[in-house]
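Here is how the chains run, residue by residue.
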Amino acid sequence: MTSLDLRGLVPAPVTPFTRDGEVDHAAIQRLGSWLGSFDGVKGLVVLGHAGEGTFLTQDEQVAVIESFIKSTDGRVPVIAGITLEGTKVAALEAKRAMAAGAAAGLVYPSHGWLRFGYQKGAPQDRYRAIFEESGLPLILFQYPDVTTATYNLETQLEIAAQPGVFAMKNGVRNMRRWDTEIPVIRRERPDLQILTCHDEYLLHTMFDVDGALVGYGGLAPEPLIEFIAAGKAKDYAKARAIHDRLLPVTRTVYHRGSHMEGTVALKHGLVARGILDHATVRSPLLPLEPGADLEIADALRSAGLVRQPTAIAAE
């Protein structure tokens with residue numbers, strides 16, 4: 001079906017904007033080129049939550065896909081978030097993504113399910129219809145257990161068995177379910193690539209997966225590539241050391257009042273790392289509280305991801 005191999009780090013980068021709120025394609029070139037320069041980066045997932053994909057027009061979405069592909073000269077596959085609520089419009093969204101050059105699609109649940117839940121069989125039908133209409137290889141997206149859009153084990157297994165589905169982004173955020181469901185999925189669907197998206201729970205989930213599909217990877221690819229390698233080697237001591245080194249960054253980016261604030265924090269982190277010039281976001285995202293940018297920069301500095309400021313000699 002597909003030879004796409006995402007067994008490694010798959011960052012979900014932010015979408016940079018100009019200061020007046022337009023998509024900044026020059027900044028995409030810098031960001032994508034930087035991320036694509038790491039050997040352990042296996043793909044880039046654009047237009048997701050971290051990428052503010054649902055805040056973009058259809059034309060902007062297509063242009064963002066094309067810009068990220070251009071940023072790595074096509075060396076790194078670009079995967080598009082497929083987010084529209086209705087199955088027909090999501091299938092058309094997948095067709096546009098494929099025409100723009102996307103190598104695969106990350107299929108979000110219909111967002112009405114977040115409030116009302118879903119009918120039995122509806123998620124399976126969504127994946128089937130999107131693949132049949134577009135031909136785009138698909139990634140199963142498992143939402144957090146606290147939402148009514150999370151898929152039970154039976155649904156996960158049935159989606160994973162469908163034509164076109166080759167990988168899973170699992171963000172269940174319930175470690176009881178993770179510990180009991182992942183071994184079954186591994187056994188029943190051995191060819192399915194399993195990727196954690198637990199930005200704030202990487203230590204627990206890193207030993208059971210083929211890689212990580214995380215917004216965090218768009219900010220700190222170097223330690224996360226090492227983290228994945230440690231997990232695959234079952235080297236707990238090394239993985240724990242990386243976790244502890246990153247914990248101040250994790251706190252300032254992901255231990256916030258809302259997980260969506262992590263997108264704003266990621267942009268501030270990329271400013272601190274010298275990749276972006278500013279942290280402009282689109283509504284309904286808002287700027288972080290005053291001083292948050294300094295806290296994020298300090299955390300990155302403590303993790304060795306930002307150079308220490310040069311001391312100024314006393315006159």
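Note on numbering: residues in each chain are counted from 1, in written sequence order. Only residues with pLDDT of at least 70 are given local features in this predicted model, and only at 80 or more are side-chain atom pairs given and counted; all residues enter the totals for whole chains, interfaces and linings. Derived side-chain values reflect all non-hydrogen atoms in the structure, with water molecules and hydrogen atoms excluded from consideration.

Caption draft 1: Fine view of the overall build of the protein. Secondary structure elements are taken from DSSP: a helix is a run of H or I of four residues or more, a strand is a run of E of two residues or more, and numbering for both begins at the N terminus. From N to C terminus, the protein includes 12 helices and 8 strands. The atom set for the radius of gyration is the C-alpha atoms, and the globule formula is 2.2 Å times the number of residues raised to the power 0.38. Computed over C-alpha atoms, the radius of gyration of the protein comes to 19 Å, within 12% of the 20 Å expected from 2.2 N^0.38 for 315 residues, which places it in the range of a compact globule. If one aligns the C-alpha atoms of the protein with their principal axes, the spans along those axes are about 75 × 45 × 35 Å. Three labels apply to residues, based on accessible area from a 1.4 Å probe with only protein chains included: buried if under 20% of the type maximum, exposed if over 50%, partly exposed otherwise in between. Evaluated residue by residue, the protein yields a buried proportion of 57% over its 315 residues. Residues are treated as being in contact if the distance between any of their heavy atoms lies within 4.5 Å. Sequence-distant contacts in the protein: of pairs separated by 6 or more residues, those separated by 24 or more amount to 73%.

Caption draft 2: Focus on the nonpolar core. If you look at the biggest cluster of nonpolar residues, it comprises 103 residues, and the most contacted ones within it are Ile65, Tyr127 and Tyr216. Counting residues per element, this core draws most heavily on helix H10 (residues 236–254), which supplies 6 residues. Isoleucine 65 has contacts with Val46, Leu47, Val78, Ala80, Ala97, Ala100 and Ala102, leaving out every residue within four places of it along the chain. Among buried residues, those of type Ala, Val, Leu, Ile, Met, Phe, Trp, Tyr and Cys that are joined through side-chain atoms within 4.5 Å constitute a nonpolar core.

Caption draft 3: Local environment of the side chain of serine 110. Assignment of secondary structure puts serine 110 in the loop between strand S4 (104–107) and helix H4 (113–116). Polar contacts here mean pairs of N or O atoms no more than 3.5 Å apart (in protein, one a potential hydrogen donor and the other a potential acceptor; neighbouring residues in sequence count only if both atoms are side-chain atoms). Within polar-contact distance, the side chain of serine 110 engages the backbone oxygen of glutamate 85 at 3.0 Å. Dropping the residues within four chain positions of it, serine 110 is found in contact with Glu85 and Arg126.

Caption draft 4: Representation of the sheet that holds strand S3 (residues 78–82) in the model. Taking strand neighbours across the sheet as the criterion, the 8 strands line up as S1-S8-S7-S6-S5-S4-S3-S2 in an open arrangement whose pairing is parallel. Two strands bound the open sheet, and with one partner strand each, they are strand S1 (9–11) and strand S2 (44–46). Put simply, the sheet's adjacent strands are angled 25 degrees from each other on average, direction ignored. Paired strands are those between which DSSP finds at least two bridges. Relative to strand S8 (residues 211–214), S1 is paired through 3 bridges, and the arrangement is parallel. Each bridged residue has a counterpart across the sheet, and for leucine 9 the counterpart in S8 is alanine 212. Only the contacting stretch of a helix is used when fitting its axis, a line to C-alpha atoms as for every element, and angles between N-to-C directions run 0 to 180 degrees. Across the sheet, helix H5 (residues 122–134) is in contact with S3, S4, strand S5 (138–142) and strand S6 (165–170); its angle to S5 comes to roughly 160 degrees. Relative to the sheet, helix H7 (residues 175–188) contacts S5, S6 and strand S7 (193–196), its axis offset from that of S7 by approximately 160 degrees.

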